[in-house]
Amino acid sequence: MASYYGSHQTAAGTNLTVVVLASTAAVVGQIHQLIIGSDATPADIATEFAVLRHTVAAVGGTALTEKPSNPLRAAASCVLTGGTMTEPTYEAVATEGLLQIALNQRATYTWIANPGRELVTASGTANGIGLRSVASGGTPNINASLAWDE
Amino acid sequence: MAAHRMGKAAGYISVVSPDHPPIERDTLQCVHCGGHWSVEPGSGRQRGFCTMCNGPHCGREHCWECVPFRKKLDQMARRAALAEALGLVK
């Protein structure tokens, strides 16, 4: 099992995907770390994020280059995507959200799963897990980093 | 530092801000949906415990029925494979 890291930044907004990790038919991702912060000028802006499973893959977006924690490892099989895209079809935030995060823009949020308690994607290219900006009082730049095993 | 820590936690969150001391919370993981939540004593949120899965669940409506999240992942994988076989996804 290898561990990979990826990051992306985008402006916060309403129902915007920041970064999404999609499975392949044979490989699933196990997300074990998430960091959310902002490099924008500090301001009191309420933001809300959710980590959600999706059942229909995103269309478009920018394929992000992940980095293995061990440089000798091969490239990741799961696909990390960010940027402007047609969002994947997510499960509902209220009933299925894996993490719900309400955050002041000034703050930096870190979540770490204990071994064996990762957020696991289902196999299949339609399946994955995304970090979504659900609501925001402004459009500050949001920086997100994700770490996963596969 | 404001911290709520517990035994057998499934995860950990920290929030660092210039406006207040660092906040630390342990998280538990729902045995049915796989989601994490931070433990907030006195929050009033009703959680549950599944005696078949031998673990806590998040208390959301659909999680009161026992469907282990590994089984849910299998169901999602089967649906994706079927959709792919039928040509419903690219």
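Structure: above.
For clarity, every value in this text was computed on a predicted model and none was experimentally measured.

Focus on the overall build of chain B
Check the secondary structure of chain B and you find 1 helix and 6 strands. Counting every position in chain B, which comprises 90 residues, the buried fraction comes to 40%. The long-range fraction of contacts in chain B, counting pairs at least 24 apart against all pairs at least 6 apart in sequence, stands at 29%. Working note: accessible area of chain B is about 5,500 Å², and carbon and sulfur atoms make up 56% of it. In chain B, the 12 positive side-chain charges and the 8 negative ones have mean positions that sit 5 Å from each other.

Overview of the interface of chain B and chain A
Across the boundary between the two partners, chain B contributes 27 residues, which contact 35 residues of chain A. For the pair chain B and chain A, the summed buried area comes to about 2,400 Å², and 50% of that belongs to carbon and sulfur atoms. When residues of chain B are sorted by the area they lose upon contact with chain A, His 36, Arg 60 and Met 76 of chain B head the list and together hold 21% of the total. The salt bridge partner of Lys 72 of chain B is Glu 91 of chain A, with a shortest N-O separation of 3.6 Å. When contributions to the side of chain B that touches chain A are tallied by element, the ones reaching two or more residues are β2 (11-17), β3 (20-29) and α1 (69-85) of chain B. When residues of the side of chain B that touches chain A are assigned to their parent elements, the largest contribution, 8 residues, is made by α1 of chain B. Per-class residue counts for the side of chain B that touches chain A are 13 nonpolar, 9 polar and 5 charged. Of the pairings in the sheet, the one linking strand β10 (residues 108-113) of chain A to β2 of chain B comprises 6 bridges and is antiparallel in character. Bridge pairing in β2 of chain B places Thr 110 of chain A opposite Ser 14 of chain B.

Section: the pattern of salt bridges
Note that side chains of opposite charge can pair when their charged atoms are close. Evaluated as defined, the whole model comprises 5 salt bridges over all chains. Salt-bridge contacts for Glu 87 of chain A lead to Arg 132 of chain A; the nearest nitrogen and oxygen are separated by 2.7 Å. Of this pair, Glu 87 of chain A sits in the loop between β7 (79-86) and β8 (89-90) while Arg 132 of chain A sits in strand β12 (residues 128-136), and the two are 45 residues apart along the sequence. Glu 87 of chain A sits in the partly exposed class, given a relative accessible area of 22%. Accessibility expressed as a relative area gives 15% for Arg 132 of chain A, which makes it buried. In this structure, Arg 25 of chain B engages Glu 40 of chain B in a salt bridge whose closest nitrogen and oxygen atoms are separated by 3.0 Å.

Quick look at α1 of chain B
Side chains that are three or four residues apart share a direction in an α-helix, a result of its 3.6 residues per turn. Residue and element names in this part refer to chain B. Taking 1.5 Å per residue as the helical rise, α1 with its 17 residues ought to reach 24 Å, and the 24 Å between its terminal C-alpha atoms agrees with that figure. All of the buried residues along α1 are Phe 69, Lys 72, Leu 73, Met 76, Ala 77, Ala 80 and Ala 83. Each buried residue of α1 sits inside an arc of 140° when the element is viewed along its axis, so together they form one side. Exposed residues lying more than 90 degrees from the buried face of α1 are Arg 78, Leu 82 and Ala 85. Phi turns positive one or two residues past the end of α1, at Gly 87, with a value near 75°.

A short note on the pairing of β10 of chain A
As judged from the 4 bridges shared by strand β3 (residues 30-37) of chain A and β10 of chain A, these two strands associate in the antiparallel manner. Within the sheet, the bridge partner assigned to Ile 35 of chain A lies in β10 of chain A and is Thr 110 of chain A.

Description of the side chain of Thr 27 of chain B
Inspection of the secondary structure puts Thr 27 of chain B in strand β3. Overall, the relative accessible area of 1% leaves Thr 27 of chain B in the buried class. Residues in contact with Thr 27 of chain B, not counting those within four places in the same chain, are Trp 111 of chain A together with Ala 9, Ala 10, Gly 11, Tyr 12, Ile 13, His 36, Trp 37 and Ser 38 of chain B.

What counts as what
- The numbers attached to residues start from 1 for each chain and follow its sequence in the written order.
- All chains are assigned letters beginning at A, and all ligands numbers beginning at 1, according to the order in which they are written.
- pLDDT decides what is reported in this predicted model: residues at 70 or higher carry local features, side-chain atom pairs at 80 or more are listed and counted, and totals for whole chains, interfaces and linings draw on all residues regardless.
- With hydrogens and water stripped out, all remaining heavy atoms of the structure feed into the side-chain values.
- Labels follow the DSSP assignment, with helices taken as runs of H or I lasting at least four residues and strands as runs of E lasting at least two, numbered in each case from the N terminus.
- Summary of the burial criterion: residues with accessible area below 20% of their type's maximum are buried, those above 50% are exposed, and those between are partly exposed, where the area comes from a 1.4 Å probe applied to protein chains only.
- Contacts are assigned to residue pairs that have any heavy atoms within 4.5 Å of one another.
- Where accessible areas are quoted, they stem from the Shrake-Rupley method and a 1.4 Å probe; at the residue level, only the protein chains shown are allowed to cover.
- Charged-residue counts in this description rest on Lys and Arg as positive and Asp and Glu as negative, His and the chain ends being excluded.
- Where a charge sits is defined by one atom per residue type, namely NZ (Lys), CZ (Arg), CG (Asp) or CD (Glu).
- Note on terms: buried area is the combined drop in 1.4 Å-probe accessible area of two parts once they are placed together, counting the loss on both.
- What counts as a salt bridge is simple: a side-chain nitrogen of Lys or Arg found within 4 Å of a carboxyl oxygen of Asp or Glu.
- All amino acids are sorted into three groups, where Ala, Val, Leu, Ile, Met, Phe, Trp, Tyr, Cys and Pro are nonpolar, Asp, Glu, Lys and Arg are charged, and the leftover types, Gly among them, are polar.
- Two strands are counted as paired when DSSP detects at least two bridges linking them.
- Each residue after the first adds 1.5 Å to the expected span of a helix.
- By construction, the arc corresponds to the directions joining the helix axis to the C-beta atoms.

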